[in-house]
Amino acid sequence: MIFNYLQGVFQKYQQRKQQKQLAAILSDGRAIFSTFGDNVYLSDFVNNCIDRIATEISKIDVVSVVQKPGTIRQQNDDITRLFRFKPNPLQTTKDFLACCEWLRRKDHNCFIYPQYEIVCDKAGQPYRKYVAFYPLNPSNIEIGVDETTGDVWEIKFYWRDGTCDILPYEDIVHLRWRRGKNTIVGGGNDYGMPDTKDLLGAVSTLDKVMQGLPLAIEASLKVKGIFRAKTLVDSDVIKKQRDDFEEHIQTSSSGIVATDLAGDFSPVNMTPANIDSEVMKVLKSIIRERYGVSEAMLSGDFNGDQHAAFYEACIEDFITEFEQGMSACLFTGREQDVGHRLKCYYNRLEYLSMGNKIELANLATSTGLMTLNEILGTLLGMEPFDGGDRRLQSLNFVNTQIVDTYQLNQASKTKDGGKSA
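Residues numbered from 1 in each chain as written. Predicted model: local features only at pLDDT ≥ 70, side-chain atom pairs only at ≥ 80, totals over all residues. Heavy atoms only, no water.

## Overview of the environment of lysine 181
- Along the chain, the position of lysine 181 falls in the loop between strand 8 (173-176) and helix 5 (197-222).
- Excluding anything up to four places from it in sequence, lysine 181 contacts Asn189 and Asp190. (Helix = DSSP H or I, 4+ residues; strand = E, 2+ residues; numbered from the N terminus. Contact = heavy atoms within 4.5 Å.)

Written out as structure tokens, the structure is:
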């Protein structure tokens, strides 16, 4: 009785030991999933969405213009000159615009500092001469009213080195993303803070799927079966029996193993995890919808209609806010009254299909909309030629300012022709 009891206890101990060994083999003693954290911007998929938008925004041409009813005249001033190549000594225009969008998307607020000098014109009137534009990356900000006068809005920047600076808020260009109830800063919630709770859930789930898939494949290739000895022997003997068994398997050329070892082999069928493609699409679509980026735009396999939707969802919003924010900050009230603006031009024609480009080229030549060299360079990507800077126009079109006179003359000619007949 006592022997049977001890034998049962020993067998249960051996079974538990084998289960622990099997669990150790399956997991290698490592945690299956590492914690993603609370920062959604650690996800490559999130950063890819932002990068897709920032890359397109970096292609915008920024110029200073004077806009009046019916006319827009580009100015060759210091603003246009800076945005032609390098807005500041450290960044090209492409880098500057992409940096602004990264800050706007990740911090939900982008601050641009226009550096200028006060100079006087020939009449002795002072004006601002801009020398650089810098996107700022503070660790924290505070916006409030000046304590001394109480009528000047100021912004306090806290920097990562522990210092801080206070500037007039009107001297800073402030771009926002995802407006909430807060009336001053962007962020998405009512307190001006980024609201990423739902996005974090999708990113964390996607991260677990990406972590678990290679581990499951590795485990399925690692464990082929379990050898269990039937006799009560110590661990050294069990190890020798297992080694002998494996040697028999390896030396068998016919696939049939003859062995006299007291034990049996139980194959373990480890099936790799199968991740449903629809689940992956749903998780990725949740992330993409937050930024307005379609699957086609993210992969680069898009057509003209898909790019037009991307432009309206992502690019047009930045252009509108950038134009308004920069124009309000860079020009005085008097300059704004006479039409000074900052304009952004984004070439959407290069994303048209070849058929649409040819159709547009025919329209441009018949109406005089574009020169021949503009059609070659903008639509067809070909080099210009001498004498191509001219516009063609069909004689079937009439100037709207003389259309009434033209029709009256034609009617008069028809009437006179009828009498002479």
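## Quick word on the packing of helix 4 (residues 93-107) against helix 9 (residues 304-330)
- Viewed as axis vectors pointing N to C, helix 4 and helix 9 meet at an angle of 100 degrees, and their least axial separation amounts to 12 Å. In terms of their interaxial angle, helix 4 and helix 9 are classed as roughly perpendicular. Of helix 9, the residues touching helix 4 (which contributes Phe96, Leu97, Glu101, Arg104 and Arg105) are Cys314, Asp317, Phe318, Glu321 and Phe322.
- Per-class residue counts for the contact of helix 4 with helix 9 are five nonpolar, no polar and five charged. (Axes fitted to C-alpha atoms, helices over the stretch in contact; angles between N-to-C directions. Parallel < 35°, antiparallel > 145°, perpendicular 65-115°, else oblique. Nonpolar A, V, L, I, M, F, W, Y, C, P; charged D, E, K, R; others polar.)

## Here we look at the packing of aromatic side chains
- Overall, the coordinates contain 10 aromatic pairs when judged by the stated rule.
- The interplanar angle of 20 degrees and the centroid separation of 5.4 Å between the aromatic rings of phenylalanine 157 and tryptophan 159 together place this pair among those described as stacked.
- These aromatic residues form a ring-pair network of at least three members: Phe83, Phe96, Tyr116, Tyr130, Phe133, Phe318 and Phe322.
- The ring of tyrosine 116 carries the charged tip of arginine 128 above its face, separated from the ring centre by 4.4 Å. (Phe/Tyr/Trp six-rings, centres within 6.5 Å; stacked < 30°, edge-to-face > 60°. Lys NZ or Arg CZ within 6 Å of the ring centre and 35° of its normal.)

## Considerations on the sheet that holds strand 4 (residues 126-136)
- Taken in spatial order, the three strands line up as 4-3-8 in an open sheet, and their pairing is antiparallel. Of all strands in the sheet, those with a lone pairing partner are strand 4 and strand 8, marking the two edges. Within this sheet the neighbouring strands show an average axis-to-axis angle of 25 degrees, counted without direction.
- Strands in contact with helix 4 are strand 3 (109-120), strand 4 and strand 8; relative to strand 3, the strand with the most contacts, it is inclined by about 135 degrees.
- Against the sheet, helix 9 engages strand 3, strand 4 and strand 8, with an angle of about 160 degrees to strand 8. (Pairing = 2+ DSSP bridges.)

## With respect to the packing of helix 2 (residues 44-57) against helix 9
- Closest axis-to-axis distance for the helix 2/helix 9 pair is 10 Å, and the angle between their directions is 80 degrees. With respect to helix 9, the element helix 2 is oriented roughly perpendicular. Residues Arg52, Ile53, Glu56 and Ile57 of helix 2 form the contact with helix 9, whose participating residues are His307, Phe310, Cys314, Ile315 and Phe318.
- Broken down by class, the residue content of the contact of helix 2 with helix 9 amounts to six nonpolar, one polar and two charged.

## Observations regarding the sheet that holds strand 1 (residues 61-68)
- A sheet is described by the order of its strands in space; here three strands give the open sequence 2-1-11, paired in antiparallel fashion. Because the sheet does not close on itself, it has two edges, and the strands there are strand 2 (71-75) and strand 11 (340-345). Neighbour-to-neighbour, the strand axes of this sheet turn through a mean angle of 45 degrees, independent of strand direction.
- Examined bridge by bridge, strand 1 and strand 2 share five bridges and lie antiparallel to one another. Bridging from a neighbouring strand, serine 64 pairs with glutamine 75 of strand 2.
- On the sheet, helix 9 packs against strand 1 and strand 11 and is oriented at approximately 155 degrees with respect to strand 11.

## Some details on helix 4
- Here helix 4 contains 15 residues, and its C-alpha end-to-end distance of 21 Å stays within 8% of the 21 Å for a straight helix at 1.5 Å per residue.
- Among the residues of helix 4, those classed as buried are Thr93, Phe96, Leu97, Ala98, Cys100, Glu101, Leu103, Arg104 and Arg105.
- Residue histidine 108 follows helix 4 closely and has a positive phi angle near 65 degrees. (Expected span 1.5 Å × (residues − 1). Buried < 20%, exposed > 50% of the residue type's maximum accessible area, 1.4 Å probe, protein only.)

## A look at the side chain of serine 327
- As for its position among the elements, serine 327 is in helix 9.
- At a separation of 2.9 Å, a polar atom in the side chain of serine 327 contacts the main-chain amide nitrogen of leucine 342. (Polar contact = N/O pair within 3.5 Å; in protein donor to acceptor, adjacent residues only side chain to side chain.)

## Description of the pairing of strand 4
- Sheet topology note: the strand 3/strand 4 ladder contains 10 bridges and is antiparallel. From the neighbouring strand, valine 119 faces strand 4, where its bridge partner is tyrosine 127.
- Connecting strand 3 to the antiparallel partner strand 4 that follows it, the hairpin turn spans five residues, and glycine 124 within it adopts a positive phi of roughly 85 degrees.

Geometric values such as these leave the question of function open.
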